[in-house]
Amino acid sequence: MYIPRANEERRVPVLHSLMRAEPLAALVTLSSSGLVASHIPMVLEEGGSPLGVLRGHVSRANSQWRDLEASVEALAIFSGPQHYISPTWYPGKVEHGREVPTWNYVVVHAYGSLKVMEDKGWMRAHLERLTNENEAETAMPWKVSDAPEEFIETMMKGIVGLELPIGRLEGKWKVSQNRTVRDREGVLEGLSKEGTPESLTMKGLVADAM
């Protein structure tokens, strides 16, 4: 990923925080017919690798796990907040007109050697962890054990586990850091006037980077 110095984020806790907040990853691998991508929730766990380990699963009917070039790194992409930035928000639009639109966004790329996991114990532990993390904020959290055991056993036969020990992480925070203070203040005002949850989230990221 192309990352200008101003947009580079290297702090592992910050990268991990985004990955946990936005767990639906685009998992990209190389197959015999080219690149393949699946969009799956992935759980980030400490240990097993200095940068952590990602665990997920796909349908057994999904050929990605079978047709996998194991010698080539897999890539998991975690996308965070994003928003269009209008050139009308810059003072220069009125002063000289030499401004163009852009897009602010936050993203993390995690690379590593992907492993296929079919161990029953591994799968059960993964599903419980995935469920517990995503049910944590609900009023009455659902647990894997809430469903009949034979039903869970049947469902587990239809999926395959995936484990990615992270070998390297890339983070890009494109939040107007390359603009002047005046321009960033204009972006903050523009995002504030939009007043949407997305624009206000991006406003916070731009403000934090000032």
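From a predicted model like this one, the values you see are computed outputs, not experimental measurements.

Caption draft 1: Representation of the packing of helix 3 (residues 120-135) against helix 4 (residues 149-156) in the model. Between helix 3 and helix 4, the least distance of the axes is 11 Å, while the angle of their chain directions is 110 degrees. If you check the angle between helix 3 and helix 4, you find them roughly perpendicular. Between helix 3, through Lys120, Met123, Arg124 and Leu127, and helix 4, the contact on the second element is made entirely by Glu149, Ile152, Glu153 and Met156. Looking at the contact of helix 3 with helix 4 residue by residue, the classes come out as four nonpolar, no polar and four charged.

Caption draft 2: Representation of the pattern of salt bridges. Throughout the structure, instances matching the rule amount to 18 salt bridges. Arg124 serves as the salt-bridge partner of Glu128, at 3.0 Å between the closest nitrogen and oxygen. With Glu128 and Arg124 both in helix 3, this residue pair falls four residues apart, about one helical turn. A salt bridge links Glu170 to Arg168, with the nearest nitrogen and oxygen atoms 3.6 Å apart. Looking at Arg168, the relative accessible area reads 36%, which means it is partly exposed. Each of Glu45, Arg55, Arg129, Glu133 and Glu163 takes part in one network of salt bridges that share partners.

Caption draft 3: Region of the structure containing helix 5 (residues 181-194). Helix length check: helix 5 (14 residues) gives 20 Å between terminal C-alpha atoms against 20 Å at 1.5 Å per residue, within 8%. Restricting attention to buried positions, one finds in helix 5 the residues Asp183, Arg184, Gly186, Val187, Leu188, Gly190 and Leu191. On its buried side, helix 5 packs onto strand 6 (74-85) and helix 6 (197-208).

Caption draft 4: Expanded view of helix 1 (residues 12-21). Here helix 1 has its buried residues at Leu15, His16, Leu18 and Met19. Looking straight down helix 1, one finds its buried side chains confined to an arc of 160 degrees; they lie on one side. In helix 1, those exposed residues whose orientation departs by more than 90 degrees from the buried face are Pro13 and Ala21. Buried residues in helix 1 make contact with strand 1 (8-9), strand 4 (43-45), strand 5 (53-59), strand 6, strand 7 (102-112) and strand 10 (168-174).

Caption draft 5: Structural view of the packing of aromatic side chains. Per the stated rule, a full pass over the model turns up one aromatic pair. Both rings, one in Tyr84 and one in Trp103, keep their centres 5.6 Å apart while their planes meet at 65 degrees; by these two values the pair is edge-to-face. Taken together, the residues Tyr84 in strand 6 and Trp103 in strand 7 connect sequence positions 19 residues apart. Using a relative accessible area of 35% as the deciding quantity, one classes Tyr84 as partly exposed. Over the face of the ring belonging to Tyr111 we find Arg168, whose NZ or CZ atom lies 3.7 Å from the ring centre. Positioned over the ring face of Tyr90 is Arg179, at 3.8 Å from the centre of the ring.

Parameters and conventions
- Residues numbered from 1 in each chain as written.
- Predicted model: local features only at pLDDT ≥ 70, side-chain atom pairs only at ≥ 80, totals over all residues.
- Heavy atoms only, no water.
- Axes fitted to C-alpha atoms, helices over the stretch in contact; angles between N-to-C directions.
- Helix = DSSP H or I, 4+ residues; strand = E, 2+ residues; numbered from the N terminus.
- Parallel < 35°, antiparallel > 145°, perpendicular 65-115°, else oblique.
- Contact = heavy atoms within 4.5 Å.
- Nonpolar A, V, L, I, M, F, W, Y, C, P; charged D, E, K, R; others polar.
- Salt bridge = Lys/Arg side-chain N within 4 Å of Asp/Glu carboxyl O.
- Buried < 20%, exposed > 50% of the residue type's maximum accessible area, 1.4 Å probe, protein only.
- Expected span 1.5 Å × (residues − 1).
- Arc of directions from axis to C-beta.
- Phe/Tyr/Trp six-rings, centres within 6.5 Å; stacked < 30°, edge-to-face > 60°.
- Lys NZ or Arg CZ within 6 Å of the ring centre and 35° of its normal.

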